[in-house]
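Listed here are the chains, written in short residue letters.
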Amino acid sequence: MNLEKENYWYMAGKERLLLKVVGSLIILGSMAGIIFSWIEMKSKKRKYIWGIYRIMCKGEYAILKEKQKTADFFKGINGIDSELEKKCKKVAENLYAHKFRSGEEAWVDAFGENDKEFKMTKDEKDLINQIGSAFFARSSMEMKKLFGVYEEQMLQLFKAEKNSYRESKKVVMALGMLGSVMVIILLI
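Residues numbered from 1 in each chain as written. Predicted model: local features only at pLDDT ≥ 70, side-chain atom pairs only at ≥ 80, totals over all residues. Heavy atoms only, no water.

Our focus in this paragraph is helix H3 (residues 82-96). Since one α-helical turn is 3.6 residues long, residues separated by three or four positions face the same way. Spanning 15 residues, H3 covers 21 Å between terminal C-alpha atoms, matching the ideal 21 Å at 1.5 Å per step. Turning to H3, its buried residues number three or more, namely Leu-84, Glu-85, Lys-87, Cys-88, Val-91, Ala-92, Asn-94 and Leu-95. Where H3 ends, the next residue or the one after it, His-98, has phi of about 50°, a positive value. (Helix = DSSP H or I, 4+ residues; strand = E, 2+ residues; numbered from the N terminus. Expected span 1.5 Å × (residues − 1). Buried < 20%, exposed > 50% of the residue type's maximum accessible area, 1.4 Å probe, protein only.)

With that settled, consider the packing of aromatic side chains. Counting across every chain of the model gives 11 aromatic pairs. With 6.3 Å between their ring centres and 20° between their planes, Phe-74 and Phe-136 make a pair best called stacked. With Phe-74 in helix H2 (residues 70-76) and Phe-136 in the loop between helix H6 (122-135) and helix H7 (140-187), this pair connects stretches of sequence that are 62 residues apart. A network of ring pairs unites the aromatic residues Phe-73, Phe-74, Trp-107, Phe-111, Phe-135, Phe-136 and Phe-147 as a single cluster. In this structure, Arg-46 is placed above the aromatic ring of Tyr-165, and the distance from its NZ or CZ to the ring centre is 4.3 Å. (Phe/Tyr/Trp six-rings, centres within 6.5 Å; stacked < 30°, edge-to-face > 60°. Lys NZ or Arg CZ within 6 Å of the ring centre and 35° of its normal.)

What follows deals with the nonpolar core. Buried together is how nonpolar side chains tend to be arranged in soluble globular proteins. In terms of nonpolar packing, the biggest core is built from 39 residues, with Ile-52, Ile-55, Phe-74, Trp-107, Phe-111, Phe-135 and Met-154 touching the most fellow members. Among the elements of the structure, helix H1 (2-65), H2, H3, helix H4 (103-111), H6 and H7 are those that each provide at least two residues to this core. When residues in this core are grouped by element, the largest group, 9 residues, is from H1. Look past the residues within four positions of Met-154 in its chain and what remains in contact with it is Ile-49, Ile-52, Tyr-53, Met-56, Leu-127 and Ile-131. Counting 5 residues, the second-largest nonpolar core is a separate cluster that includes Ile-35, Trp-38, Ile-39 and Met-41. (Core = buried A, V, L, I, M, F, W, Y, C linked by side-chain atoms within 4.5 Å. Contact = heavy atoms within 4.5 Å.)

When pLDDT is averaged across the protein chain, the result is 85; 91% of the residues are at 70 or more. Least confident of the elements in the protein chain is helix H5 (residues 115-118), whose mean pLDDT is 68; most confident is H3, at 91. (pLDDT = per-residue confidence, 0-100.)

Positive phi outside glycine occurs at Lys-67, with the angle close to 60°. Here Lys-67 is to be found in the loop between H1 and H2. The backbone of His-98 sits at a positive phi, close to 50°, despite the residue not being glycine.

Before going further, it helps to spend a moment on the pattern of salt bridges. Evaluation of the coordinates by the stated rule reveals 8 salt bridges. The closest approach of N and O atoms between Lys-45 and Glu-161, which form a salt bridge, is 3.4 Å. Placement of the pair is Lys-45 in helix H1 and Glu-161 in helix H7, with a sequence separation of 116 residues. Accessibility assignment for this pair places Lys-45 and Glu-161 in one class, buried. A salt bridge links Lys-122 to Asp-126, with the shortest nitrogen-to-oxygen separation between them at 3.0 Å. Here Asp-126 and Lys-122 lie together in helix H6, a separation of 4 residues that amounts to about one turn. What makes Lys-122 exposed here is its relative accessible area of 58%. Overall, the relative accessible area of 28% leaves Asp-126 in the partly exposed class. A single salt-bridge network, built from bridges that share partners, covers Lys-42, Lys-45, Glu-124 and Glu-161. (Salt bridge = Lys/Arg side-chain N within 4 Å of Asp/Glu carboxyl O.)

With that settled, consider the side chain of Glu-60. Relative to the elements of secondary structure, Glu-60 occurs in helix H1. The side chain of Glu-60 sits in the buried core without any salt bridge; Lys-65 is the nearest counter-charge, 5.7 Å away. Sequence-distant contacts of Glu-60, defined by excluding residues within four places in its chain, comprise Lys-65, Lys-144, Phe-147 and Glu-151. (Lys, Arg positive; Asp, Glu negative; His and termini not counted.)

Shown next, in the form of structure tokens:
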């Protein structure tokens, strides 16, 4: 009888150990997933900022040098990013349909909605919304000046985001995994 009792507790101990190991792996896996989704969001944000910078560079050349109409430029943009190309096509559609009173409003309608997806600051949102004014300036001199200013600001934003990512990645990964290990220890 005593042997059966010891065998029962021994088997129950194995099952508890197995549950602890499985639970620990689930906690570590979920934290790794959270860290991966954060890294992916930051990567998409940098890609988005760089894409807008490239649109500005292409727009400056096409509109100022080739004298292309702004709506035609936005309709024909390609080679950037599929999501940004869709936004450019939306700007073109809005311009052709005269959906808004100004081109800046058409720009904001298309590009002003990604702030939650990328967790953009108010300054970043404002900068991206203001970029539309460069495409729809009253004169070519004003347009050239605005493109220069906003291209420089977008480059600075891209560099700042890149540096911020490098620094915060180290902290997020270390604290995430350390936090997971602490939760595991507390649960065990």
